[in-house]
Amino acid sequence: MRAVVMRNQQLVVDSIPDPTPAPGQIVVKTLACGICGSDLHALKFADRMVDTARRSGLPAFMDPARDIVMGHEFCAEVVDSVVGGLAAGTRVCSMPIAFDASGIKTIGYSNDLPGGYGEYMVLNEMLLLPVPNGLAT
């Protein structure tokens, strides 16, 4: 898939592998994604953010030396039907976190889970909220 990747304190367009969902997750297509002040801060100061997190006792959430697909303020579309009853094509949003057997990861600040700057993301089914009809993306 195509994505805007944070690499070496720059944003570059590149092709990366499509995300693969873990049990309880689904693939969604990004429709829109905001550019947050936190994204701009991370672009320039990701190493400091990670260092501060470690010093305050939080686990490391990203490695700035590796590619990161940012974007944690998004609207997406369900690609396949979801067990919970959301049909393919349903517009959804979610908290920007995902979890699986390995733990909790932040969407948009993870080396392993692409955020909304990519064509596709994986989201946890139980965190999906449908976006009401009539709201533009």
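Residues numbered from 1 in each chain as written. Predicted model: local features only at pLDDT ≥ 70, side-chain atom pairs only at ≥ 80, totals over all residues. Heavy atoms only, no water.

1. Observations concerning the overall build of the chain
Then comes step 1: Each helix and strand in the chain was counted, giving one helix and nine strands.
Then comes step 2: Relative to the compact-globule value of 14 Å for 137 residues, the chain shows a C-alpha radius of gyration of 15 Å, a close match.
Then comes step 3: Projected onto the principal axes, the alpha-carbon positions of the chain cover approximately 40 × 30 × 25 Å.
Then comes step 4: Going through the 137 residues of the chain one by one, you find that 38% of them count as buried.
Then comes step 5: In the chain, once contacts between residues fewer than 6 apart in sequence are set aside, the share between residues at least 24 apart is 70%.
Then comes step 6: Accessible surface, the chain: about 7,700 Å² in total, of which carbon and sulfur atoms supply 56%.
Then comes step 7: Side chains of the chain carry 10 positive and 14 negative charges; the gap between the two charge centres is 6 Å. (Helix = DSSP H or I, 4+ residues; strand = E, 2+ residues; numbered from the N terminus. Rg over C-alpha atoms; globule rule 2.2 N^0.38 Å. Buried < 20%, exposed > 50% of the residue type's maximum accessible area, 1.4 Å probe, protein only. Contact = heavy atoms within 4.5 Å. Areas by Shrake-Rupley, 256 points an atom, 1.4 Å probe, with all protein chains shown as cover. Lys, Arg positive; Asp, Glu negative; His and termini not counted. Charge placed at Lys NZ, Arg CZ, Asp CG, Glu CD.)

2. Observations concerning the state of the cysteines
Then comes step 1: Going through the model one piece at a time under the given rule, you end up with zero disulfides.
Then comes step 2: Cys33 carries a free sulfur, and the closest cysteine sulfur to it, the one in Cys36, is 9.4 Å from it. (Disulfide = S-S within 2.5 Å.)

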